[in-house]
Amino acid sequence: GLPARVRIHEVGPRDGLQNEKGQVPTEVKAEFIRRLADAGLTTVEATSFVHPKWVPQLADAEQLFPLVSALPVALPVLVPNDRGLDRALSLGATRIAVFASATESFAKANLNRTVDEALAMFEPVVARAKAEGVHVRGYLSMCFGDPWEGPVPVHQVVRVCKALMDMGCDELSLGDTIGVATPGHVAELLTALDADRVPATALGVHFHDTYGQALANTLAALQHGVTTVDASAGGLGGCPYAKSATGNLATEDLVWMLHGLGIDTGVDLGRLTATSVWMAGHLGRPSPSRTVRALSHQ
Ligand code: HMG
Ligand code: MG
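About the criteria used
Residues numbered from 1 in each chain as written. Chains lettered and ligands numbered in written order. Predicted model: local features only at pLDDT ≥ 70, side-chain atom pairs only at ≥ 80, totals over all residues. UniProt positions renumbered as here; feature names shortened; annotations may be inferred. Helix = DSSP H or I, 4+ residues; strand = E, 2+ residues; numbered from the N terminus. Buried ≥ 20, exposed ≤ 12 C-beta atoms within 10 Å, placed from the backbone. Contact = placed C-beta atoms within 7 Å. Core = buried A, V, L, I, M, F, W, Y, C linked by C-beta atoms within 7 Å. Axes fitted to C-alpha atoms, helices over the stretch in contact; angles between N-to-C directions. Parallel < 35°, antiparallel > 145°, perpendicular 65-115°, else oblique. Left-handed = near helix turned anticlockwise from the far one by under 90°. Nonpolar A, V, L, I, M, F, W, Y, C, P; charged D, E, K, R; others polar. Near = placed C-beta within 6 Å. Pairing = 2+ DSSP bridges.

Naming follows an unreviewed UniProt entry, where the protein chain appears as Hydroxymethylglutaryl-CoA lyase of Streptomyces chromofuscus. Looking at the Sequence similarities (unreviewed entry) heading of the UniProt record, one finds this comment for the protein chain: "Belongs to the HMG-CoA lyase family."

Next comes the structure, spelled out in structure tokens:
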């Protein structure tokens, strides 16, 4: 059966904006986050404490975070290493996410490390975060296919998932970074994880919509007991270190499907759509979300 409620993990301000070429003013980012919270999203991934040269768009994390930290929503931030954790903790962040890769090619491109070197980099970060009472999400990228390596074997994904759980992550997010997954593959991975004692209750799913499969994949995940779904307002996004990655599943498309299924999200679709139209104005191009276009006659 399907869940009665789904928690949407909104990644627009982070995954959505990280690949944007033109610098988005810090105050516009803050207003984006405020509007998302106002639309009923309870988890809004705010920014990343990564090396500013690697993701220049998010180099204003120190200026942005204090502008939104008092909002009554969870505001996770990406943290790759000790330096990133220092920066996040000094601003009072209470939720972080480390981000691993299931493939060697992407680990190298995104973190300048092998898969296992990256895990070794995260281990002290997760331990210190947990000791500070900070909630830790573990992202895992390239769970289905990799632009350099092709299809990714399920056992390879399961191994890194288990390593992240053993490290002490509170939840994992399974990333289809380049959007090549299809529902059968999603079911296969979730079944394998469950058999290896990584239950769906500990998992979120993170679909990019490159091939238009994100909603179908989400439905497959819900049927397997997943209740946390990542999405990006207006379908913004893409990873700068993964060629062929397009935007995430649009939050509006997700909300349309979930509400149609009678699944509660707490999100006001009208307010959310208005937010994406407002953001599209700042970015200078229409939202790629079908639902945003349909509801706004954009
Ligand atoms: P590196 O070059 O190996 O860094 O990069 P290093 O550890 O050798 O340090 C080099 C210098 O960087 C040092 O400075 C450090 O202090 C500094 P120096 O001593 O030379 O003056 N440094 C930092 N400065 C500020 N903040 C930090 C930091 N760390 C080191 N945190 C590193 C390694 C991990 C830093 C780099 O590869 C990096 O920042 N990568 C981030 C890439 C990224 O953010 N990608 C996008 C997010 S992942 C994603 O989008 C996928 C996801 O959405 C899921 C999916 O779709 O699959 C999550
Ligand atoms: Mg992503």
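> I tried to follow the overall build of the protein chain on my own but got confused; where do I start?
Along its length, the protein chain carries 12 helices and 11 strands. On the principal axes, the C-alpha backbone points of the protein chain span a range of 45 × 45 × 35 Å. For the protein chain, the residues scored as buried account for 50% of the 298 residues in total. Taking the contacts inside the protein chain whose residues are at least 6 apart along the sequence as the reference set, 72% of them involve residues at least 24 apart.

> Would you mind showing me how to read the environment of Ala107 here?
Tracing the sequence through the fold places Ala107 in helix H5 (residues 104–111). Along the backbone, Ala107 and His185 are 78 residues apart, and their C-alpha atoms lie at a distance of 22 Å. Residues contacting Ala107, with those up to four places away along its chain left out, are Ser101, Arg113, Thr114, Val115 and Ala118.

> Mind showing me how you'd approach helix H10 (residues 251–260) here?
Think of an α-helix as turning once every 3.6 residues; residues three or four places apart then point the same way. Within H10, 7 of the 10 residues are buried, leaving the element largely enclosed by the surrounding structure. Three or more residues of H10 are buried, namely Thr251, Glu252, Asp253, Leu254, Val255, Trp256 and Leu258. Structurally, H10 contributes buried residues whose contacts are with strand S1 (7–10), helix H9 (214–223), strand S11 (228–231), helix H11 (269–283) and helix H12 (290–296). Immediately beyond the C-terminal end of H10, within one or two residues, lies Gly262, with a positive phi of roughly 80 degrees.

> I'm lost on the nonpolar core in this one. Help?
A general trend in soluble globular proteins is that nonpolar side chains are found buried together. If you look at the biggest cluster of nonpolar residues, it comprises 90 residues, and the most contacted ones within it are Val77, Val79, Ile96, Val98, Ala100, Leu140 and Cys143. Take this core: its biggest share by element is 7 residues, from helix H6 (residues 115–131). Beyond its immediate stretch of four places on either side in the chain, Leu140 contacts Ala100, Ala102, Val157, Val160, Cys161, Leu164, Leu172, Leu174 and Gly175.

> What's the story with unusual backbone geometry in this structure? I'm lost.
Trans peptide bonds make up most of the peptide bonds, and negative phi angles are found at most residues other than glycine. Despite not being glycine, Asn112 shows a phi value in the positive range, around 55 degrees. Secondary-structure assignment places Asn112 in the loop between H5 and H6. Classification of Asn112 as partly exposed rests on a count of 14 C-beta atoms within 10 Å. One non-glycine residue, Met142, lies in positive phi territory at about 60 degrees. Tracing the backbone shows Met142 in the loop between strand S6 (135–141) and strand S7 (145–146).

> Honestly, the packing of helix H7 (residues 154–167) against helix H8 (residues 183–195) in this entry has me stumped. Any pointers?
The N-to-C vectors of H7 and H8 enclose an angle of 45 degrees; their axes lie 10 Å apart at closest approach. As the angle between them shows, H7 and H8 are arranged oblique. For the pair H7 and H8, the sense of crossing is right-handed. Contacts from Val154, Val157, Val158 and Cys161 of H7 reach H8 at Glu188, Leu189, Ala192 and Leu193. A per-class count over the contact of H7 with H8 returns 7 nonpolar, no polar and 1 charged.

> Is there a simple way to think about the site of ligand 1 in this case?
Looking at ligand 1, there are 25 residues lining it, with Val50, Gly84, Ser141, Gly175 and Thr177 nearest. Elements represented by at least two residues in the shell around ligand 1 include exactly helix H4 (82–90), H5 and S6. Top contributing element to the shell around ligand 1 by residue count: H4, with 3 residues. Here the shell around ligand 1 is built from residues that sort into 11 nonpolar, 11 polar and 3 charged.

> Whenever I open this one, the packing of H8 against H9 confuses me. Can you help?
Each pair of packed helices can be described by the angle between their axes along with the distance between the axes. The N-to-C vectors of H8 and H9 enclose an angle of 30 degrees; their axes lie 8 Å apart at closest approach. Comparing the axis directions of H8 and H9 gives the class roughly parallel. By crossing handedness, the relation of H8 to H9 is classed as right-handed. Residues Pro183, Val186, Ala187 and Leu190 of H8 form the contact with H9, whose participating residues are Ala216, Asn217, Ala220 and Ala221.

> Would you explain the sheet that holds strand S3 (residues 47–48) in this entry?
The strands that make up a sheet pair up through hydrogen bonds in the backbone, lying either parallel or antiparallel. An order of S2-S1-S11-S10-S9-S6-S5-S4-S3 is seen for the 9 strands of this open sheet, with the pairing classed as parallel. The outermost strands of the open sheet, each flanked by one partner alone, are strand S2 (43–44) and S3. Here 7 bridges tie strand S5 (residues 95–101) to S6, and the two strands are oriented parallel to one another. Looking at the pairing, Arg95 lines up with His135 of S6. With respect to the sheet, H7 is in contact with S5, S6 and strand S9 (171–176), its orientation differing from that of S6 by roughly 165 degrees.

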